[in-house]
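# Notes for the structure review
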Amino acid sequence: MAEDSDLEKTESATPRRLQKAREEGQIVRSRELSTFALLAAGFFGVWGMSGSIGDHLQSMLRAAFTFDHACAFETRRMMIGAGVASREGLYALLPILGFTGAAALLAPMALGGWQLSAKGLEPKFDRLNPIAGLGKMFSINGPIQLGLSLVKTLVVGVIGGTAIWNRREEILALATQPLQLALANGTHLIAVCCGMTVAGMFVVAALDVPYQLWQFHKKLRMTKEEVKREHRESEGDPHVKGRIRQQQRAIARRRMMTNVPKADVVVTNPTHFAVALQYTDGEMRAPKVVAKGVNLVAARIREIAAENNVPLLEAPPLARALYHNVELNREIPGPLYGAVAEVLAWVYQLRRFKTEGGAVPMAPTELDVPAELDKGGVSDDEADQEAADTLNPANPDNDDASGASA
């Protein structure tokens, strides 16, 4: 039962599946919406441009039925008259052709937009299989399409028939009216009946569009296994991603270690934490953290600092506060300005002592570190990350600085 449920297409199509279907030329289409758009554009175009169309039709009829008796026997007059009539007819229909052409282009964009795909033009010989064709004819989709066609015909027929039946007396009265009045009233009745037919097509399109959307998304549904497989393909192999993250941590760690000799001081815990600070007067607004680490990384930072004569200061609260609250290559926060200023003052005094001699400066011991910034020791996540990086033989930087928490 579990296997059967996994094969059922119960999941909505993912964005990648929808994009792939679009590339293959599969987009939502509603013929009824396009039909309604064409009819509506033609009807309202004729209605709005009726004055101009009437003028061109009058010119066409006048040119066709008016001729000079002296020129009646010239064969060229026939071609000239046909050319004039054709030109006037084209001028009369050109706006309508423009409206209907625009509707034909814009109607498909209302649902799926335009999509030019060469895959849709590729020959598929399996469509010539008569057995497959008979299967489609007698499938459940056949009766559904037949029923929808009957409903569409019924809706349009009922609306159009009702409009004609309600005006049957006006239609019969046209025979008793003068010619000009009958033409005017007849044109009005035709416009009303055509408008009702367009309204019927609007109802049909309003019913067909949701059905086409539902059918399209139903066709693209996926099984749970397909969704999982696509997620794995898009996200990538977790083992490969883990290896990439390890390489990135190793590169970041090596880059970080190159900044330790440039630091002004390294603040330690003294064993669990080590944070290297750098400050350049006139170039930085505040001191920034150029390297930090815990456990083995902290030990490596201390070793590099000792090799390059970078001062080491044991200040556990300040080391913990800097490690937990300041990211690499970021300036220290305002609450730590006072404590770091005392540390840098000691560093400058120590440099002066090395160059000029005198009394050995005393290292600061009572630093003002806000209690809310001192988060204590190493967290379990940091310790686990340290162990994972240290024990992983694939890590190319174990020899130099294993287990960077950065």
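This text goes with the structure placed above it.
Conventions adopted
Residues numbered from 1 in each chain as written. Predicted model: local features only at pLDDT ≥ 70, side-chain atom pairs only at ≥ 80, totals over all residues. Heavy atoms only, no water. Helix = DSSP H or I, 4+ residues; strand = E, 2+ residues; numbered from the N terminus. Buried < 20%, exposed > 50% of the residue type's maximum accessible area, 1.4 Å probe, protein only. Contact = heavy atoms within 4.5 Å. Pairing = 2+ DSSP bridges. Axes fitted to C-alpha atoms, helices over the stretch in contact; angles between N-to-C directions. Parallel < 35°, antiparallel > 145°, perpendicular 65-115°, else oblique. Left-handed = near helix turned anticlockwise from the far one by under 90°. Nonpolar A, V, L, I, M, F, W, Y, C, P; charged D, E, K, R; others polar. Patch = residues over 30% accessible without salt bridge, like charges linked within 9 Å, V, L, I, M, F, W, Y side chains within 5 Å. Areas by Shrake-Rupley, 256 points an atom, 1.4 Å probe, with all protein chains shown as cover. Salt bridge = Lys/Arg side-chain N within 4 Å of Asp/Glu carboxyl O. Core = buried A, V, L, I, M, F, W, Y, C linked by side-chain atoms within 4.5 Å. Phe/Tyr/Trp six-rings, centres within 6.5 Å; stacked < 30°, edge-to-face > 60°. Lys NZ or Arg CZ within 6 Å of the ring centre and 35° of its normal.

### Some details on the side chain of Q212
With respect to the helices and strands, the residue Q212 is situated in helix 9 (residues 179-219). For Q212, a relative accessible area of 17% gives the class buried. In this structure Q212 touches V28, R29 and S30, once residues within four positions along its chain are discounted.

### Quick word on the pairing of strand 1 (residues 265-268)
Side chains V265 and V267 project from strand 1 onto one buried face, and the interleaved V266 and T268 project onto a second face that is buried too. Looking at chain direction, strand 1 and strand 2 (residues 273-278) are connected through four bridges and run antiparallel. For T268, the partnering residue across the bridge sits in strand 2 and is A274. Linking strand 1 back to strand 2 in an antiparallel pair, the connection comprises four residues. Across three bridges, strand 1 lies against strand 4 (residues 312-314) in parallel orientation.

### Re the packing of helix 3 (residues 31-48) against helix 9
It is the contact of helix 3 with helix 9, at a shortest axis distance of 8 Å, that shows an interaxial angle of 155°. When the axis of helix 3 is compared with that of helix 9, the two are roughly antiparallel. As helix 3 runs across helix 9, the sense of the crossing is left-handed. Residue-level contacts link R31, E32, L33, T35, F36, L39, A40 and F43 of helix 3 to A191, C194, G195, V198, M201, F202, V204, A205, D208 and V209 of helix 9. Of the residues belonging to the contact of helix 3 with helix 9, the class tally is 13 nonpolar, two polar and three charged.

### Quick word on a nonpolar patch on the surface
A grouping of L90, Y91, L93, L94 and L97 is seen on the molecular surface, where their side chains present a nonpolar patch of about 500 Å² in accessible area. Mapped onto the elements, L90 comes out in helix 5 (residues 75-109). Relative accessible area serves as the criterion here: at 47%, L90 is assigned to the partly exposed category.

### Remarks on the nonpolar core
With 27 residues, the main nonpolar core has L277, L318, L322 and L336 as its most contacted residues. Within the residue set of this core, elements represented by two or more residues are strand 1, strand 2, strand 3 (288-294), helix 13 (316-325) and helix 14 (337-356). Tallying contributions element by element places helix 14 first for this core, with seven residues. Look past the residues within four positions of L322 in its chain and what remains in contact with it is V267, V275, L277, I332 and L336. One finds M257, V260, A263 and A298 within the second-largest nonpolar core, a separate group that totals 15 residues.

### Some thoughts on the packing of aromatic side chains
Per the stated rule, a full pass over the model turns up three aromatic pairs. The interplanar angle of 55° and the centroid separation of 5.4 Å between the aromatic rings of F36 and F202 together place this pair among those described as tilted. One end of the pair, F36, is in helix 3; the other, F202, is in helix 9, and 166 residues separate them in sequence. Residue F36 is classed as buried on the basis of its relative accessible area of 19%. On the accessibility criterion, F202 (48% relative accessible area) is partly exposed. Against the face of Y323 rests K292, its NZ or CZ located 4.9 Å from the ring centre.

### A short note on unusual backbone geometry
Look at N295: it is not a glycine, yet its phi comes out positive at around 55°. Inspection of the secondary structure assignment puts N295 in the loop between strand 3 and helix 12 (296-307). Even without being glycine, N309 reaches a positive phi, approximately 60°. Here N309 shows up in the loop between helix 12 and strand 4.

### Thoughts on the pattern of salt bridges
One pass over the structure, following the stated rule, counts three salt bridges. The salt bridge involving R285 is made with E331; its shortest N-O contact spans 3.4 Å. Of this pair, R285 sits in the loop between strand 2 and strand 3 while E331 sits in the loop between helix 13 and helix 14, and the two are 46 residues apart along the sequence. Residue R285 is classed as exposed on the basis of its relative accessible area, which comes to 76%. A salt bridge links E303 to R300, with the shortest nitrogen-to-oxygen separation between them at 3.1 Å. Residue E303 and its partner R300 are both found in helix 12; the two are separated by three residues, about one turn of the helix. Classification of E303 as partly exposed rests on a relative accessible area of 41%. According to the relative accessible area criterion, R300 is partly exposed, its value standing at 23%.

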